[in-house]
Structure formats: structure tokens, C-alpha cells
Amino acid sequence: MRRFALLALLAVAGCQHARPADPRDAFFAQLGRLCGQSFEGRLASPPDPRDAAFMQPIVLQVRDCTAHEVRMPLAVGEDRSRTWVVNRASGQLTLRHDHRHSDGHEDVLSRYGGSTVAAGSAARQEFPADGFSRDLFERQGIPASKANVWALELRPGERLAYELNRPDRHVRLEFDLARPRPAGR
């Protein structure tokens, strides 16, 4: 009887599957593999007069990577005021937008973003505006932005995409991962 119980226990243990990996971990790991590289991008959404700045050359650098953070400075033409920051903590990914003036001082409209509320996938993560961001947008007189949902989409070796979505607004930037830019460019 004890032998049967032991065999049954071993059989059940052998049938148990390992818990699936969290897609946020897989996404963050793939993003970290881009560290030290830069990529040319383009506006991939339909033209909108509000997106005129993105008709200039766009370059994304992936740098300053740690086990919990990836910083991605974005150059739009000569404007180098934007950095996307992705953090991994407490079972979530968080996307923040760090905006700086040319002298390094933080812009009043900075640190906005949000955290994942769902697991997403290893290829796509979405970040609805959090309370800090909604309050900031209200104080700055841009209440439509309170409905913002940002997304990052990553297809290794192909593209990294950034999206901003809200009612009546869609912006998508795509970066060509197949052709990293030479260092120093």
C-alpha cells in the first residue's frame, strides 16, 4: 500500500508542469539585449499635423541598462529632450517619459507613464496612464491625455515599436532592429 502511494505521488509530481514564465520578464530580457545599440526610426502611423516633429530623423538609443531598468534616449531631429525609462519591479513593468530641457533640468511635463495591468506578451506590453500621470495632465490643462495607453512592441531582429493610443489619437513609431546604427552616430 505504501509502495502504491509512493508511486502515485511520484506520478503526480512528474505530471505537474512548471509555472509558465511571466511574459513581462521575457519582454524585459529581450529589451535588455538591445543595450548599447541605437536604431533609426520612423513615424509609422497615418500622418497627423500633431505629429509633425516626428517627420524628422528619429534615433533611439538603448543604454543605461540594469537588472531592473532600461533607459532609452530618443532624438527627434536635434531635440534630445526625451528618454523612455522601463522599470521591472513588483511583478510589473513601468514605462516613464523623462523630459529634460537642454540644460538638464526636468520639464514640468515629465515622469508621466504607467504600469502594466495585465501580463501582456513577450512581444507586446501596454501601459495605461497611472494616477500620477492623470493628475499631471489635469494640472497641465491636457485632460484628453488622461486616457493615454502607451505600448511597446518588440520583435527581436525586426523592430521595436512605441505607441500612444487614446480616443481620437494614435501615434506609432517603429525602429529598425535589423540595422543597428554604428557607434557614435
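The preceding data block contains the structure.
Now for a look at the structure at hand. All values derive from a computational prediction rather than experimental measurement.

1. So, the layout of surface pockets
Computed from the structure, the largest pocket encloses a volume of approximately 510 Å³. Lining the largest pocket are 23 residues, and of these Phe-54, Tyr-112, Tyr-162, Leu-164 and Arg-169 lie nearest its centre. For the lining of the largest pocket, the elements supplying multiple residues, two or more each, are β4 (79-89), β5 (92-99), β9 (159-166) and β10 (169-176). In terms of residue count, the dominant contributor to the lining of the largest pocket is β9 (three residues).

2. Looking at the nonpolar core
Counting 33 residues, the largest nonpolar core has Leu-31, Met-72, Trp-84, Trp-150 and Phe-175 as the members making the most contacts within it. Considering each element in turn, this core owes the most residues, four residues, to strand β3 (residues 69-76). Ignoring sequence-local partners within four residues, the contact set of Phe-175 consists of Phe-39, Glu-40, Gly-41, Ile-58, Val-59, Leu-60, Leu-74, Trp-84, Glu-158, Arg-159 and Leu-160.

3. Notes on the pairing of strand β2 (residues 58-62)
The buried fraction of β2 amounts to four of the five residues, a majority that puts the element mostly inside the structure. Pairing between strand β1 (residues 37-43) and β2: five bridges, direction antiparallel. Its bridge partner lying in β2, Ser-38 is registered against Gln-61. Across three bridges, β2 lies against β3 in antiparallel orientation. Residue pairing across strands places Ile-58 opposite Val-76, the latter belonging to β3. Hairpin geometry of β2 and β3 is characterised by an intervening segment of six residues between the two adjacent antiparallel strands and by a positive phi of about 50 degrees at Asp-64.

4. Quick word on helix α3 (residues 131-139)
Among all positions in α3, only Ser-133, Leu-136 and Phe-137 are buried. Buried residues of α3, viewed axially, fall in a sector of 95 degrees; they line one side. Of the surrounding secondary structure, the elements contacted by the buried residues of α3 are β5, β6 (112-115) and β8 (149-155). Positive phi shows up at Gly-141, right after α3, with a value of about 75 degrees.

About the criteria used
Residues numbered from 1 in each chain as written. Predicted model: local features only at pLDDT ≥ 70, side-chain atom pairs only at ≥ 80, totals over all residues. Heavy atoms only, no water. 1 Å grid on protein atoms, 1.4 Å probe; cavity = no way out; pocket = protein on both sides within 12 Å on 5 of 7 lines; lining within 4 Å. Points joined across faces, edges and corners; volume = space filled by probe spheres on them. Helix = DSSP H or I, 4+ residues; strand = E, 2+ residues; numbered from the N terminus. Core = buried A, V, L, I, M, F, W, Y, C linked by side-chain atoms within 4.5 Å. Buried < 20%, exposed > 50% of the residue type's maximum accessible area, 1.4 Å probe, protein only. Contact = heavy atoms within 4.5 Å. Pairing = 2+ DSSP bridges. Arc of directions from axis to C-beta.

Interpretation note: all reported values are geometric properties and have no functional meaning in isolation.
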